[in-house]
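Chain by chain, the residues:
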Amino acid sequence: MPPAPARFRKAYVNQDHPVVLLRFEDGHEIRVPRGKVKTFDAYAGEIIKIVAVYDPTSTERDLLETVRADELPDAEPHEVR
């Protein structure tokens, strides 16, 4: 059995669009409102589609880009207190 792929803590910042969806290969999505940062776990080589939502009442979505998790910036480590 092959070893499990490496898991990383990544971050995404939405500065330009009303809402951005991060769509993962396994089907789950993370919503990122404008001006917010979301951190999440991703696996090495995992493909993430970045989709903009301009009208929440519409089913239309604009694909902004498709990236590998490795290409996204690392999340800042949490301080333990």
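Residues numbered from 1 in each chain as written. Predicted model: local features only at pLDDT ≥ 70, side-chain atom pairs only at ≥ 80, totals over all residues. Heavy atoms only, no water.

Re the overall build of the protein chain
Item 1. A tally of helices and strands in the protein chain yields zero helices and six strands.
Item 2. Listing each helix as α and each strand as β along the protein chain from the N terminus yields β-β-β-β-β-β.
Item 3. Structurally, the protein chain occupies a C-alpha span of about 45 × 35 × 20 Å along its principal axes.
Item 4. For the protein chain, with 81 residues in total, the buried portion stands at 30%.
Item 5. Pairs at least 24 residues apart make up 51% of the contacts formed inside the protein chain by residues separated by at least 6 positions.
Item 6. Working note: accessible area of the protein chain is about 5,900 Å², and carbon and sulfur atoms make up 50% of it. (Helix = DSSP H or I, 4+ residues; strand = E, 2+ residues; numbered from the N terminus. Buried < 20%, exposed > 50% of the residue type's maximum accessible area, 1.4 Å probe, protein only. Contact = heavy atoms within 4.5 Å. Areas by Shrake-Rupley, 256 points an atom, 1.4 Å probe, with all protein chains shown as cover.)

Some points on the sheet that holds strand β5 (residues 47–53)
Item 1. Taken in spatial order, the four strands make up an open sheet running β3-β2-β5-β6, and their pairing is antiparallel. Taken across any chain shown, the strands that pair with only one partner, and hence form the sheet edges, are β3 (29–33) and β6 (62–68). Taking each pair of neighbouring strands and ignoring which way they run, the sheet shows an average axis angle of 20°.
Item 2. By the bridge criterion, six bridges tie β5 to β6 in an arrangement that is antiparallel. Across the sheet, residue I50 finds its bridge partner in β6, namely E65. (Pairing = 2+ DSSP bridges. Axes fitted to C-alpha atoms, helices over the stretch in contact; angles between N-to-C directions.)

Re the nonpolar core
Item 1. Residues Y12, L22, F40 and I48 are the most contacted members of the largest nonpolar core, which totals 13 residues.
Item 2. Counting only elements with at least two residues in this core, the list comes to β2 (19–24), β3, β4 (37–43) and β5.
Item 3. Not counting residues within four places of it along the chain, the set of residues in contact with I48 comprises L22, R23, F24, F40, E65, T66, V67, A69 and L72. (Core = buried A, V, L, I, M, F, W, Y, C linked by side-chain atoms within 4.5 Å.)

Regarding the packing of aromatic side chains
Item 1. Taken as a whole and assessed by the stated rule, the structure comprises one aromatic pair.
Item 2. Ring centres of F24 and F40 lie 5.3 Å apart, and the angle between their planes is 75°; on these two criteria the pair is classed as edge-to-face. A residue pair is termed long-range when its members are at least 10 positions apart, and F24 in strand β2 and F40 in strand β4 qualify at 16 residues. For the residue pair F24 and F40, the accessibility class agrees, reading buried in each case.
Item 3. Above the plane of the ring of F8 lies K10, whose end atom (NZ or CZ) is 5.5 Å from the centre. (Phe/Tyr/Trp six-rings, centres within 6.5 Å; stacked < 30°, edge-to-face > 60°. Lys NZ or Arg CZ within 6 Å of the ring centre and 35° of its normal.)

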